[in-house]
Amino acid sequence: MAEQSVTAPNAPAIGGIGNLTKRLFVKLGILPFLLFIAMVVFSLLSENFLTLQNLMNVLRQSVYLMIVALGQMMALLTGGFDLSVGTALALSSVVGAMVMAAIFAIAPDMVWLAIALGCLSGILAGVTIGIVNGAGVAFFNVSPFMVSLGMASVGFGVALYLTGGVPVYGMPRAFSDTFGYGALLGIPAPVFVAALLAIALYVFLYRTPQGRYFYAVGGNPKAASLSGINTKATLFYTYVLSAFFAAVAGMLLTARIDTGEANIGASMPLESIAACVIAGVSLRGGVGRLESVVLGALFIGLIQNGMNLAQIESYLQTVVLGILLILAVIADQIRLRYVASLKN
Amino acid sequence: MLNSINKQQGREEAGVTPLPLLQTQAITKDYPGVRALDGVDFELLAGEVHVLFGENGAGKSTLISILAGANQPSSGQISYKGMPVTLASVHDARSLGISAVFQEFSLISQMTVEENLFLGAEPRRAGLLDRARISREAKETLDELGFALRPDQRVDQLTRAEQQMVEIAKAFRSELQVLILDEPTASLTTHETDQLFELIGGLKKRGVGVIYITHRMAEIRRIADRITVLRDGRYIETVEAADATEDDLVQLMTGRVVGAIFPELNLNAPGDVVLDARNVTTNDGLVVDASLTVRAGEIVGMAGLVGSGKSEMMQACFGALAIRSGTVTLNSQGITGHTPKRNIRDGFLYLPADRRHEGLMMMRSVRENVALASLDIEPFSKGIFINRGGEKRAVEALTTRLNLSPPLIERTVEHFSGGNQQKVMLARALTRNYDLIVFDEPTVGVDVGTRASIYEFIVELARGGVAIVIISSDLPEILHLTTRAYVFYQGRTQAELQADQLTEEKVLAHFFEKEAC
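None of these values were measured; they are calculated from a predicted model.

1. A closer look at unusual backbone geometry
Residues and elements named next belong to chain B.
- Here the amide bond leading from Glu 378 into Pro 379 is cis, since omega sits at 0°, within 30 degrees of zero.
- Positive phi, normally seen in glycine, also occurs at Ala 26, with a value near 50°.
- Take Ala 26: it is sitting in strand 1 (residues 22-31).
- Although it is not a glycine, Asn 266 adopts a positive phi angle of roughly 45°.
- Taking the relative accessible area as the measure of exposure, Asn 266 reaches 57% and is therefore exposed.

2. What to know about the packing of aromatic side chains
- Going through the model one piece at a time under the given rule, you end up with 13 aromatic pairs over all chains.
- Between Phe 81 of chain A and Phe 145 of chain A, the aromatic rings sit 6.2 Å apart at their centres with planes inclined by 85°, giving edge-to-face as the arrangement. Here Phe 81 of chain A is found in the loop between helix 4 (52-77) and helix 5 (85-106), whereas its partner Phe 145 of chain A is found in helix 7 (residues 144-163), with 64 residues between them in sequence.
- Judged by relative accessible area, Phe 81 of chain A falls into the partly exposed class, the value being 27%.
- According to the relative accessible area criterion, Phe 145 of chain A is partly exposed, its value standing at 38%.
- Ring geometry for Phe 175 of chain A and Phe 179 of chain A: centres 5.8 Å apart, planes at 50°, overall tilted. Of the two residues, Phe 175 of chain A and Phe 179 of chain A both sit in helix 8 (residues 173-180), four residues apart, roughly one turn of that helix.
- Under the relative-accessibility criterion, Phe 179 of chain A is labelled partly exposed at 27%.
- Pairwise contacts between aromatic rings join Tyr 202, Tyr 206 and Tyr 215 of chain A into one cluster.
- The ring of Phe 416 of chain B carries the charged tip of Arg 411 of chain B above its face, separated from the ring centre by 5.5 Å.

3. What to know about the UniProt feature "transmembrane region" (unreviewed entry) in chain A
All names here are of chain A.
- Residues annotated by UniProt as "transmembrane region" (unreviewed entry) correspond here to residues 30-50, 62-81, 87-107, 114-139, 145-169, 181-205, 236-255 and 315-334.
- Segment residues 30-50 splits into 71% helix and 0% strand. End C-alpha atoms: 22 Å apart.
- The span residues 114-139 is 100% helical and 0% strand by assignment, and the distance between its end C-alpha atoms comes to 36 Å.

4. Quick look at the domain arrangement of chain B
Residues and elements named next belong to chain B.
- Looking at chain B, the domain boundaries give domain 1 (22-260), domain 2 (272-347 + 435-516) and domain 3 (354-431).
- Each of domain 2 and domain 3 was reduced to a C-alpha centroid, and the two centroids are 25 Å apart.
- Taken together, the 16 residues of domain 2 in the interface contact 11 residues of domain 3.
- Both sides together, the interface formed by domain 2 and domain 3 hides about 1,000 Å², and carbon and sulfur atoms give 65% of it.
- Across the contact surface, domain 2 and domain 3 share two salt bridges.
- Of the charged contacts, one joins Asp 376 and Arg 345 as a salt bridge, the two residues approaching to 3.1 Å between their closest N and O atoms.
- Between domain 2 and domain 3 we count three residue pairs in polar contact (both at pLDDT 80 or more) in total.
- The element contributing the most residues to the side of domain 2 that touches domain 3 is helix 16 (residues 448-463), with six residues.

5. Things to note about the packing of helix 4 of chain A against helix 9 (residues 189-207) of chain A
All names here are of chain A.
- Where helix 4 contacts helix 9, the axes come no closer than 9 Å and their chain directions differ by 20°. Our classification of the angle between helix 4 and helix 9 gives roughly parallel. You can see that helix 4 and helix 9 cross each other, and the crossing is left-handed. From helix 4, Leu 59, Arg 60, Val 63, Tyr 64, Ile 67, Leu 70, Met 73, Met 74 and Leu 77 reach across to helix 9, where they touch Pro 190, Val 191, Ala 194, Leu 197, Ala 198, Leu 201 and Leu 205.
- Residue classes in the contact of helix 4 with helix 9 are distributed as 15 nonpolar, no polar and one charged.

6. Looking at the confidence of the model for chain A
- Looking at chain A, pLDDT values average 89 and 94% of them are 70 or higher.
- In this model residues 1-14 of chain A is a low-confidence stretch, pLDDT under 50, and it forms 12 contacts with partners more than four residues away in sequence or in other chains.

About the criteria used
Residues numbered from 1 in each chain as written. Chains lettered and ligands numbered in written order. Predicted model: local features only at pLDDT ≥ 70, side-chain atom pairs only at ≥ 80, totals over all residues. Heavy atoms only, no water. Helix = DSSP H or I, 4+ residues; strand = E, 2+ residues; numbered from the N terminus. Buried < 20%, exposed > 50% of the residue type's maximum accessible area, 1.4 Å probe, protein only. Phe/Tyr/Trp six-rings, centres within 6.5 Å; stacked < 30°, edge-to-face > 60°. Lys NZ or Arg CZ within 6 Å of the ring centre and 35° of its normal. UniProt positions renumbered as here; feature names shortened; annotations may be inferred. Domains from an automatic or database assignment. Contact = heavy atoms within 4.5 Å. Buried area = accessible area lost by both parts, 1.4 Å probe. Salt bridge = Lys/Arg side-chain N within 4 Å of Asp/Glu carboxyl O. Polar contact = N/O pair within 3.5 Å; in protein donor to acceptor, adjacent residues only side chain to side chain. Axes fitted to C-alpha atoms, helices over the stretch in contact; angles between N-to-C directions. Parallel < 35°, antiparallel > 145°, perpendicular 65-115°, else oblique. Left-handed = near helix turned anticlockwise from the far one by under 90°. Nonpolar A, V, L, I, M, F, W, Y, C, P; charged D, E, K, R; others polar. pLDDT = per-residue confidence, 0-100.

Written as structure tokens, this is what we have:
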């Protein structure tokens, strides 16, 4: 970001503000503009918006979406998408909470064993959904839309069935204290986990050959295959990773609300795809940067927070989010046209 | 009917001073930062085939897109039958009788032939589609053109050649005066090409002017009346096809004397057998009981019609197509049924014919595209991590060696010309020490200048001891570039020809041998 904002202003000597805006838009996409507009609008609407305390809140509230969006990004990069992220999140929450509560009830002394096993089984339950998605997409050539839509229904049904629709209680206090409200060096635990995951994924995507292969498979599956890349395995990893990220977010969210819930995460598919698309991840696959997706998730968190402060009703917030998503896709198309006109 | 009357008048006048059917004067087209066309004068007479000739990026495509109304000139004048006209859209051009068949078809593949023919101009009765009239008129048009197509067949069930016919038939919906064809034979078989040329001959007789873009000398010789050469967006010269030699044209096009496009081979004696494929049959039946061997340091050609199995044979050896029976060995090790991944690691690379759909990630950078197949070895990676610096240096060295233009390795591949995209793909051959490299149609859609450097590149690899296979539909490539060739026919190795037998007649004889029997 820093590097781009330095080079961009001195690049075009020709044209006025309009041309400069156009070039910035082509270079950075729609996100910086939306962020700027949102900042201005919400600071005007509420004086509490632009405070350090509130911005910290935004960060803390957006990490769950951010983690899910990182997984969603993997699916989009390979030219698919994952509609079952919400379900993976809910299922991990329910299974994790149930296992944790059960072990805690049997052995109240072994708090950390209960937490560890609970988290592990919760994440495993979520990953199972990714395994089915991945197998469907990679080995049976089913469209990602169908598999993940089907699995969203399956997972949601299982989560409801397991809990009977009732929230799961009885987890050790330490779980919520540590992963929900705890902090390390002044950084809230969920933020800490999200940062670790983002860094790990960054290294994986941009510093290892397999990371590059996700882009290659999304860019041109046939070319990737003829270049000696195992495209089936790559697609399989994609959906497993996507579900893994959703499941981790599920466990963190469980710690935050201190209950296992089958109904959390319903808005995650839309919000995570929106975060990615606003951040410039191409729906055609092969294009998108992790840093931008992190910003995209923060942006959505910022919008939600700003609308809360401005006392906009939650029903209307859904409307705004949908509109933003569509705007982002339109903006992406316009940008492609500009790119063509500038490059030709 | 109207059409032919117009034409007769045109020809009578033409007896004295032929009035151009279509003419451009000082056409210029500017894109931001680039001048694609610079004051181009061009004229097309009624009843002639006028070939546009030039390297990729010379401005041919821009010129025809302007003539077809798909693009507007920045300045300059277009005249049609002596009258200045503005072609604001494809629709405008069509209503004047100017139709273009571009390389990318404008057909809806899920619709039938007749639905496509009348798309956007459907005859109606009482506000509803007049289906009877559509199929009647579609049949008339197809019959008139002599196309053996069923009007009710879905377009996605047709071969590419048949789709091309539909596209041409579409051009006939309005009274055709000018037909623009952009490399129409790129994916046609010889037989289909003959059919197309027959049609063009018929059009000429009716006084239609044909603008034809091609890179193939043989086609120019067969159908061209005049040739206009463009270079770097500028008009160079218009010559009579009968007087122009191949060398003349190449010289006009490249602006320099190119003695021969093909380099001297001067190869060392072939070494050990590198690839040995025996009795290979594929699951899809496109290759049947085919056998071949390739030795180190030799260039083996694979000739045959499109669909003869020559390309499929090498894909099967490479592991991109499933093999039902037969064996493949590489350096005496069995590799039957191995994946492309494993073959690449064992030193066997296949570079596909269709760079856009099978070769390159168009929206990614040159660097990523070149390094793709070798990210698991040094200097591209170190341990489990990618070595960014090593990758950058290696790719820079390779692109410099191949004269990539512009030499920007972070630029996305889609912004390069066809020839330079091909160089990006070929650069993969140098990222590892391969023992065997298969080039599938290495010069399709590539201009002559780049072609020469690609040939030089391939021959250098062979001199270095690499076993090379060239799959080509371009006969001169087989004749001049290979030391031995196999001819494929209906999935079988029909013949193996040694260097002294590599003549046009001998190779062509085997293309159809079995049909003749």
